[in-house]
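Below are the chains, spelled out letter by letter.
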Amino acid sequence: MNATEEALMSYERFVVVGDSCAEGLDDPYPDGSRYRGWADLVAARLAADNPDLRYANLAVRGRRLDQIISEQFPAATTFRPDLVALFGGGNDVLTGGFDPDAVAGRVAEAVAKLTAVAPTVLVFTLSDLSQRMRMTRGLQPRIAALNSAIHSAAATHGALVVDLADDPSVRDLRYFGPDRLHLSEHGHRRLAGHLLRRLDVPFDRGWLEPLPGEPARPGMLGHARWVWREVRPVAVSRVRNRLVGRSPGDGFQPKRPELRPLAAAELES
């Protein structure tokens, strides 16, 4: 199916699976009740074309690809989606003992399973973390391996790639939350714009316009504060999890486990 054919579609069942980025961290709704994120923004835009659109978001923060497949895919399949978006792999990259062949196998399995049940499937490449976190330069080969696997699986099974690898916004901290890992409100709107453009669905082009002014460039003191406030607690939590046999995301539930129409407040986002 080419982009022109996709543009003629009116999606009815939109399902999102994945990790914290798909859940919407760090983009809360104005009332602070829960996270919004790119998926809710996309759902609201699609609902403008089809008020009967139903949307489920099964993503859970901290989940690796194998967990996404085993925990989220069964429900996703029962919804009989006509549009699925999978954002995952980041936690595989961050996990010790990274095995590129094993991760490539998980990517291929995930894309094959989703394209077997949905006519349109979107997957995402990851940007280079070291552009905003110099201490993560060692992760570059892992991210490159993941992105290569995503492109390969998408080409094999007919999924659409939303390619974020070379997006220039990666160098602007305003697109990211305090941890410099999860997207901010600006980042989620930009990602939603990339996705809608990939589907040839009209959207607010301002979402992809560069932010005005120059991005902040923290000095050594700013980096030190970031390490203390953001990196240190995550490192302590990961060590604690390993000691007790706990996985990141354990105990969290999907924010939108049912396939249902959007509420009025969601349509106004």
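Every value quoted in this text rests on a predicted model; they were computed, and no experiment measured them. (Residues numbered from 1 in each chain as written. Predicted model: local features only at pLDDT ≥ 70, side-chain atom pairs only at ≥ 80, totals over all residues. Heavy atoms only, no water.)

S.K.: Looking at this structure, I do not really get the pairing of strand β1 (residues 13-18). What am I missing?
M.R.: If a strand is regular, its side chains alternate between the two faces of the sheet. Burial analysis of β1 places six of its six residues in the buried class, the great majority of the element. Burial of the side chains of β1 extends over both faces: Arg-13, Val-15 and Val-17 are buried on one face and Phe-14, Val-16 and Gly-18 on the other. With four bridges joining them, β1 and strand β2 (residues 54-57) adopt parallel strand pairing. Residue pairing in the sheet places Arg-13 in a bridge with Arg-54 of β2. Across five bridges, β1 lies against strand β3 (residues 83-87) in parallel orientation. Bridging across to β3, Gly-18 finds its partner in Phe-87. (Buried < 20%, exposed > 50% of the residue type's maximum accessible area, 1.4 Å probe, protein only. Helix = DSSP H or I, 4+ residues; strand = E, 2+ residues; numbered from the N terminus. Pairing = 2+ DSSP bridges.)

S.K.: Whenever I open this one, the packing of aromatic side chains confuses me. Can you help?
M.R.: The geometry of an aromatic ring pair comes down to the distance between the two centres and the angle between the two planes. Applying the stated rule across the entire model yields five aromatic pairs. Each ring, one from Trp-38 and one from Phe-124, has its centre 5.1 Å from the other, and the planes form 50°; the classification is tilted. Taken together, the residues span a long stretch of sequence, with Trp-38 in helix α3 (residues 37-49) and Phe-124 in strand β4 (residues 120-124) at a distance of 86 residues. Neither Trp-38 nor Phe-124 differs from the other in exposure class; each is buried. The rings of Trp-38, Phe-87 and Phe-124 are connected pair by pair, giving a single aromatic cluster. (Phe/Tyr/Trp six-rings, centres within 6.5 Å; stacked < 30°, edge-to-face > 60°.)

S.K.: Sorry, what's going on with empty space enclosed by the protein here?
M.R.: Summed over the entire model, instances satisfying the criterion amount to two cavities of 30 Å³ or more. In this structure, the second largest cavity encloses a volume near 70 Å³. Secondary-structure elements contributing two or more residues to the lining of the second largest cavity are β3, α6 (100-117) and β4. Residues that form the lining of the second largest cavity fall into these classes: nine nonpolar, one polar and no charged. (1 Å grid on protein atoms, 1.4 Å probe; cavity = no way out; pocket = protein on both sides within 12 Å on 5 of 7 lines; lining within 4 Å. Points joined across faces, edges and corners; volume = space filled by probe spheres on them. Nonpolar A, V, L, I, M, F, W, Y, C, P; charged D, E, K, R; others polar.)

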